[in-house]
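# A structural walkthrough
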Amino acid sequence: MSVVWQQVESPDEVDAPLEELPAPPRPGWLRRWLWAPALVVTAGLYVLRRTIEDPSGELELWLFMGMLAGLMVTAVAALVRYRDDQHQATEGRDAAAFGADRRSVTGSVSVNERRTSSGLLLSGVVSYPTDDGTADRPYSSLVRPDDEERLPPPRDGDPVAVWWAPGTETVVVRYHRDWADAVRRRTRKR
């Protein structure tokens, strides 16, 4: 379940059509293929251990510890690769669903702010109407210090534009403070 948070530059961009689901950055080469060299090193240490006749206890211990470390790195790297592949498959299914049946609604956001060394960390819940009732999705987003004045963060209870597709795990949320104020004015007039 992921929330793609977009703080846009102008109020007009909030209602602009969502062309396609924004793709997150792809994992790097090392993250995808670290398991292979770790496995080769582990196999090499095993072969070395089997070819040495009558190794000393200390050498045998170091070879065993190297194989154990290699197996641990292989296992963790393979698990990371597996999770990345699962995440990419989910993204592909979500992108296809967004292309086939994308829906746009106005939702609301609850905001918890925490100041960090990197900027203002926003977290909370995005609520929006769906066919089955109201959906609540947790989110977190970092607003950099230089973006804080240019793109003010949302206030608790502000309206947001939400794009979702039935059966997907991904939701795209757009926000601009002037757009939120205009939506609040329109709903008060009703």
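Look above for the structure.
Residues numbered from 1 in each chain as written. Predicted model: local features only at pLDDT ≥ 70, side-chain atom pairs only at ≥ 80, totals over all residues. Heavy atoms only, no water.

Our focus in this paragraph is the overall build of the protein chain. Secondary structure assignment for the protein chain yields six helices and six strands. If you list the helices and strands of the protein chain from N to C, you get β-α-α-α-α-β-β-β-α-β-β-α. Computed over the C-alpha atoms, the radius of gyration of the protein chain is 24 Å, more than 25% above the 16 Å expected from 2.2 N^0.38 for a compact globule of 190 residues. In terms of overall dimensions, the protein chain has a C-alpha envelope of 90 × 40 × 25 Å along the principal axes. By residue count, 32% of the 190 residues in the protein chain fall in the buried class. Pairs at least 24 residues apart make up 67% of the contacts formed inside the protein chain by residues separated by at least 6 positions. Taken as two groups, the 24 positive and 28 negative side-chain charges of the protein chain have centres that lie 4 Å from each other. (Helix = DSSP H or I, 4+ residues; strand = E, 2+ residues; numbered from the N terminus. Rg over C-alpha atoms; globule rule 2.2 N^0.38 Å. Buried < 20%, exposed > 50% of the residue type's maximum accessible area, 1.4 Å probe, protein only. Contact = heavy atoms within 4.5 Å. Lys, Arg positive; Asp, Glu negative; His and termini not counted. Charge placed at Lys NZ, Arg CZ, Asp CG, Glu CD.)

With that settled, the discussion passes to a nonpolar patch on the surface. Taken together, the side chains of Leu-61, Trp-62, Phe-64, Met-65, Leu-68 and Met-72 make up a nonpolar region of the molecular surface, amounting to roughly 660 Å² of accessible area. Position of Trp-62 relative to the elements: it lies in helix H4 (residues 57–101). Judged by relative accessible area, which is 59%, Trp-62 ranks as exposed. (Patch = residues over 30% accessible without salt bridge, like charges linked within 9 Å, V, L, I, M, F, W, Y side chains within 5 Å. Areas by Shrake-Rupley, 256 points an atom, 1.4 Å probe, with all protein chains shown as cover. Salt bridge = Lys/Arg side-chain N within 4 Å of Asp/Glu carboxyl O.)

Attention shifts here to the nonpolar core. Core analysis: the biggest nonpolar cluster contains 30 residues, and Trp-5, Val-126, Tyr-139, Val-160, Val-162 and Val-173 have the highest contact counts within it. Listed by contribution, the elements that provide at least two residues to this core are strand S1 (2–7), H4, strand S2 (103–116), strand S3 (119–130), strand S4 (133–143), strand S5 (159–164), strand S6 (170–175) and helix H6 (177–189). Broken down by element, the residue count for this core peaks at five residues, all from S5. What Trp-5 contacts, discounting residues up to four positions off in sequence, is Val-109, Val-126, Tyr-139, Ser-141, Pro-154, Val-160, Val-173 and Tyr-175. (Core = buried A, V, L, I, M, F, W, Y, C linked by side-chain atoms within 4.5 Å.)

It is worth spelling out a positive patch on the surface at this point. A cluster of basic residues, Arg-185, Arg-186, Arg-188 and Lys-189, forms a positive patch on the protein surface. Take Lys-189: it is sitting in helix H6. Owing to a relative accessible area of 73%, Lys-189 belongs among the exposed residues under this scheme.

To continue, consider the side chain of His-176. Along the chain, His-176 falls in the loop between S6 and H6. Of the residues examined, His-176 reaches a relative accessible area of 9% and is grouped as buried.

Further remarks concern the sheet that holds S4. Pairing within the open sheet is mixed, and its six strands lie in the order S1-S6-S5-S2-S3-S4. Each edge of the sheet is formed by a strand with only one pairing partner; in this case those strands are S1 and S4. If you compare each strand with its neighbour and ignore which way they point, the axes differ by 30° on average. Taken together, the three bridges between S5 and S6 define a ladder with antiparallel strand orientation. Across the sheet, the residue bridging to Val-162 is Val-173, located in S6. The sheet strands contacting H6 are S2, S5 and S6, and the helix crosses S5 at an angle near 100°. (Pairing = 2+ DSSP bridges. Axes fitted to C-alpha atoms, helices over the stretch in contact; angles between N-to-C directions.)

By themselves these figures say nothing about function.
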